[in-house]
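Structural description and commentary
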Amino acid sequence: MKVFVTERLPEEGLRILTASGVCEVTMWDSDSNVTKAELLKGLDGVDGIICLLGDKIDPAVLDAAGPNLKVISTMSVGVDHLDLVEIKKRGIRVGHTPDVLTGATAELAIALLLAAARRIPEGVEMVKRGERGGVLWMCGYGLSDSTVGIVGLGRIGFAIAQRLVPFGVKRLLYSGRTAKPQAAEVNGEFVPLDTLASESDFVVVTCPLTPETRGMCDEAFFSKMKPTAVFVNVSRGAVVNQEDLYEALSGGEIAAAGLDVTTPEPFPTNHPLLSLTNCVVLPHIGSATYSTRGTMAALAAQNLLGGLQGADMPCELAF
Ligand code: DGY
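Just so it is clear, the model here is predicted, and its values are computed rather than measured. (Residues numbered from 1 in each chain as written. Predicted model: local features only at pLDDT ≥ 70, side-chain atom pairs only at ≥ 80, totals over all residues. Heavy atoms only, no water.)

By the criterion of burial, helix α7 (residues 155-164) is predominantly enclosed, with 7 of the 10 residues buried. Among the residues of α7, those classed as buried are Ile156, Gly157, Phe158, Ala159, Ile160, Ala161 and Leu164. Tucked into the core, α7 has its buried residues touching α5 (102-117), β6 (147-151), β7 (171-175) and β9 (202-205). (Buried < 20%, exposed > 50% of the residue type's maximum accessible area, 1.4 Å probe, protein only. Helix = DSSP H or I, 4+ residues; strand = E, 2+ residues; numbered from the N terminus. Contact = heavy atoms within 4.5 Å.)

What follows deals with the sheet that holds strand β1 (residues 2-5). Judged by pairing direction, the sheet is parallel, and its 5 strands sit side by side in the order β2-β1-β3-β4-β5 without closing on themselves. The sheet terminates laterally at β2 (24-27) and β5 (93-95), the two strands that pair on one side only. Direction aside, the axes of adjacent strands within the sheet are offset by 15° on average. Relative to β5, strand β4 (residues 71-74) runs parallel, the two sharing 3 bridges. Following the sheet pairing, serine 73 is matched in β5 by glycine 95. (Pairing = 2+ DSSP bridges. Axes fitted to C-alpha atoms, helices over the stretch in contact; angles between N-to-C directions.)

What surrounds the ligand is the set Leu53, Ser76, Val77, Gly78, Leu101, Thr105, Arg236, His284, Gly286 and Ser287. In this structure, glycine 78 approaches the ligand through a main-chain N or O atom, which is 2.8 Å from an oxygen atom. At a separation of 2.7 Å, an oxygen atom of the ligand approaches a polar side-chain atom of arginine 236. Relative to its unbound accessible surface of 230 Å², the ligand loses 96% to contact with the protein. (Near = heavy atom within 4 Å. Polar contact = N/O pair within 3.5 Å; in protein donor to acceptor, adjacent residues only side chain to side chain. Areas by Shrake-Rupley, 256 points an atom, 1.4 Å probe, with all protein chains shown as cover.)

Of all 5 residues that make up β6, 5 are buried, and the element is covered over most of its length. Residues of β6 alternate between two faces, with Thr147, Gly149 and Val151 on one and Val148 and Ile150 on the opposite face, all of them buried. Inspection of the sheet shows β6 paired to β7 by 5 bridges, in the parallel sense. Paired with isoleucine 150 across the strands is tyrosine 174, a residue of β7.

Attention now goes to the side chain of aspartate 47. Following the sequence through the fold, aspartate 47 ends up in the loop between α2 (36-42) and β3 (48-51). Aspartate 47 sits in the buried class, given a relative accessible area of 9%. If sequence neighbours within four positions are ignored, aspartate 47 has contacts with Met1, Lys2, Asn68, Leu69, Lys70, Val71 and Leu308.

It is the contact of helix α1 (residues 11-20) with helix α11 (residues 290-308), at a shortest axis distance of 6 Å, that shows an interaxial angle of 30°. Comparing their axes, α11 and α1 come out roughly parallel. The segment α1 lies against α11, with Glu12, Gly13, Ile16, Leu17 and Ser20 engaging Gly294, Ala297, Ala298, Ala301, Gln302, Leu304 and Leu305. Broken down by class, the residue content of the contact of α1 with α11 amounts to 7 nonpolar, 4 polar and 1 charged. (Parallel < 35°, antiparallel > 145°, perpendicular 65-115°, else oblique. Nonpolar A, V, L, I, M, F, W, Y, C, P; charged D, E, K, R; others polar.)

The next subject is the packing of aromatic side chains. The tally for this structure, following the rule as stated, stands at 4 aromatic pairs. Seen in terms of ring centroids, tyrosine 174 and phenylalanine 190 are 5.2 Å apart; in terms of plane orientation they differ by 40°. Their pairing is tilted. Note that tyrosine 174 is positioned in strand β7 and phenylalanine 190 in strand β8 (residues 188-190), a separation of 16 residues in sequence. Residue tyrosine 174 is classed as buried on the basis of its relative accessible area, which comes to 3%. (Phe/Tyr/Trp six-rings, centres within 6.5 Å; stacked < 30°, edge-to-face > 60°.)

Spatial ordering of the open sheet is given by β8-β7-β6-β9-β10-β11-β12, a layout of 7 strands whose pairing is parallel. Each having just a single partner strand, β8 and β12 (279-281) make up the two edges of the open sheet. The average undirected angle you get between the axes of adjacent strands in this sheet is 15°. Here β6 runs beside β9; their pairing, made up of 4 bridges, is parallel. The residue bridging glycine 149 from the neighbouring strand is valine 203, located in β9.

Everything listed here is a matter of coordinates, which is why it stays silent on function.
Given below as structure tokens:
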């Protein structure tokens, strides 16, 4: 069976595919992203695809693959880059990589929160320029005794909450569709989104991108936040209205922001948000540790093999 892999797959995944003897693998073996034209060419007649978040799997891509396509295995937990309606219609199975990236993404969220709140990138620049100031120079905001609001207490939100407890956070609020029983473990209080926005010193967005959450963090949301509050997004860029975020940050409506996700990705280097010293932007590296990416690759390979052979997939998406 023919398989196309849209990026250089870590060894842990490649080894599994090669050892299986089940498929012939063509991989986009380059540091630059596969172009749409190359993707369409590579997919011709494949039985399976291993893809990543940046690969939009839309009807044109599915058409290019053709009727042999049995399985799409994405090396991500999120699946908003996949046209699930169309995929389901064509009877194609989907595998993804939840759980294995939860810890790495939670760590990154906390690093980003601290980087934005304690102005770490700005401080690094100050040292390079040899600048120095008075007692309140380069002051920021600390987690101790603070209120943190987590939007979406799923796997990653919960892992962030667990890691925040030892920082001495006073209250942990969360919002979402329903209250979560595991919230008791972190003394989480289920509150409406507006309450979370107005009472939190730190807002961390971890919810999936859905029609309901698209553009959810907009002017109305930021206007409810405290002027001393820090906003962090590790979910998807499209959950945030970036123009409204720019206005909130530049107008002093909120203190700072840390974004691991943006619209689009890669982020244009001339984007207004990059001109702000109180906005820290990362290139979607939540799961980017060597071991996590290796584990994700192995899981993606196992999902693919299960799908190709009509067998169980370790993490098949139910949709
Ligand atoms: C994913 O894999 O969907 C996440 O964005 C990891 O950061």
